[in-house]
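The lines below spell out each chain.
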Amino acid sequence: MARYSIKDLEKISGIKAHTIRMWERRYGLIEPERTPTNIRYYSDCDLKRLLNISILNHHGIKISHIAGLSDTEIRSRVLDLSLDGRTNNVQIESLMVSMLELDEKKFLNTLSASVIKFGFESTVENILFPFLEKVGVLWQAGTISPAEEHFMSNLIRQKLFVAIDHEMQNSSVSGPRIIMFLPEGELHEIGLLFYNLLARKEGLDVIYLGPSVPVSDLLQVHHVRPADAFMTSFISAYTTEGLEDLMKLYREKFPEIPFLVSGYQIKELNPSLPDGFTVIPGVKGFKDAIKLVKFSE
């Protein structure tokens, strides 16, 4: 059973700590446990309940009304709202609850409703990416189980593989070559898979190497099929110094080639970047960077 501090709940749910405490005192919506030293902590059940409450509240339902609903009634209303798909917050929080409950049907239905409403690219950028950042908070805190993370990532990866396969069969290569990879030891590839899809849509010649690629392998691939650009992503825990040292190593081994970098740790640590490294904050930033690569080709 995971334990969460009130700061963990604030990061994951987006609800301020003082608001959570007020809801506890006034409405008894969640009831924290206490350690032998009287420190408050919260359980998985508390987190799921708070996320469901947040969904209803974001959709305009007053807390005083939610407090009078049973858990079953809350879950039923959340399901209806998650399939409605009008706001990003509802979608993101519904995905969080679905992951924690290992509810495949609810997870896929939420994704499908969002794709129908907003389109595939917008769903990935505005719903899946913020959702994955919240998952990253859970992962870094050690409060998400491998089973939950694998459950979620495999469902998303399946969707991306289908889209990539369709694009490979229906598009032609007309642009520069980009080698996409994750650093050695890095396994979280969902964001990079999405940029793989975007790159193919833009006509780039993509070599996708996937997770945990040693520098020696990059050198070998580049020798056989020289890259016009590299792209990588940093999700797992790094120190700022460790992240900067790794990017310096890439710059040393590939001194003239542009690097596009993304991921939770780039945003969180804000490291100093070597010359020729560009941070990719989203779809527009990626497309702008690709234009520059094409122009310098």
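Basis of the calculations
Residues numbered from 1 in each chain as written. Predicted model: local features only at pLDDT ≥ 70, side-chain atom pairs only at ≥ 80, totals over all residues. Heavy atoms only, no water. Buried < 20%, exposed > 50% of the residue type's maximum accessible area, 1.4 Å probe, protein only. Helix = DSSP H or I, 4+ residues; strand = E, 2+ residues; numbered from the N terminus. Right-handed = clockwise from strand over helix to strand, strands pointing away. Expected span 1.5 Å × (residues − 1). Polar contact = N/O pair within 3.5 Å; in protein donor to acceptor, adjacent residues only side chain to side chain. Axes fitted to C-alpha atoms, helices over the stretch in contact; angles between N-to-C directions. Parallel < 35°, antiparallel > 145°, perpendicular 65-115°, else oblique. Left-handed = near helix turned anticlockwise from the far one by under 90°. Contact = heavy atoms within 4.5 Å. Domains from an automatic or database assignment. Buried area = accessible area lost by both parts, 1.4 Å probe. Salt bridge = Lys/Arg side-chain N within 4 Å of Asp/Glu carboxyl O.

**Some remarks on the pairing of strand 5 (residues 229-233)**
Next, step 1: Of all five residues making up strand 5, five are buried, and the element is well covered by its neighbours.
Next, step 2: Side chains Ala-229, Met-231 and Ser-233 project from strand 5 onto one buried face, and the interleaved Phe-230 and Thr-232 project onto a second face that is buried too.
Next, step 3: Chirality of the crossover, the property in question, places the unit of strand 5, helix 12 (residues 240-253) and strand 6 (residues 259-262) among those that are right-handed.

**Overview of helix 3 (residues 44-58)**
Next, step 1: Over its 15 residues, helix 3 runs 21 Å from end to end, which matches the ideal 21 Å to within 8%, given 1.5 Å per residue.
Next, step 2: All buried positions along helix 3 are accounted for by Asp-44, Asp-46, Leu-47, Leu-50, Leu-51, Asn-52, Ile-53, Ser-54, Ile-55 and Leu-56.
Next, step 3: N-capping of helix 3 is provided by Ser-43, with a side-chain oxygen placed 3.3 Å from the backbone N of Cys-45.
Next, step 4: Just past helix 3, the residue Gly-60 takes up positive phi, approximately 95°.

**Observations regarding the packing of helix 9 (residues 146-170) against helix 10 (residues 190-201)**
Next, step 1: At a minimum axis distance of 10 Å, the contact between helix 9 and helix 10 shows a crossing angle of 15°. Comparing their axes, helix 10 and helix 9 come out roughly parallel. In terms of crossing hand, the pair formed by helix 9 and helix 10 is left-handed. On the side of helix 9, the interface is formed by Met-152, Ser-153, Ile-156, Arg-157, Leu-160, Phe-161, Ala-163, Ile-164, Glu-167 and Met-168, while helix 10 contributes Ile-190, Leu-193, Phe-194, Asn-196, Leu-197, Arg-200 and Lys-201.

**Some words on the domain arrangement of the chain**
Next, step 1: Domain assignment breaks the chain into domain 1 (6-159) and domain 2 (172-295).
Next, step 2: Each of domain 1 and domain 2 has a C-alpha centre, and the two are 31 Å apart.
Next, step 3: Taken together, the contacts link 15 residues of domain 1 with 20 residues of domain 2.
Next, step 4: Where domain 1 abuts domain 2, roughly 1,300 Å² becomes buried across the two surfaces, and 65% of that area is made up of carbon and sulfur atoms.
Next, step 5: Counting every contact that joins domain 1 to domain 2 gives two salt bridges.
Next, step 6: With a closest N to O distance of 3.1 Å, Arg-157 and Glu-189 form a salt bridge.
Next, step 7: Our enumeration of links across domain 1 and domain 2 arrives at two residue pairs in polar contact (both at pLDDT 80 or more).
Next, step 8: Taken together, the elements giving at least two residues each to the side of domain 1 that touches domain 2 come down to helix 8 (120-141) and helix 9.
Next, step 9: In terms of residue count, helix 8 provides more of the side of domain 1 that touches domain 2 than any other element does, 10 residues in total.

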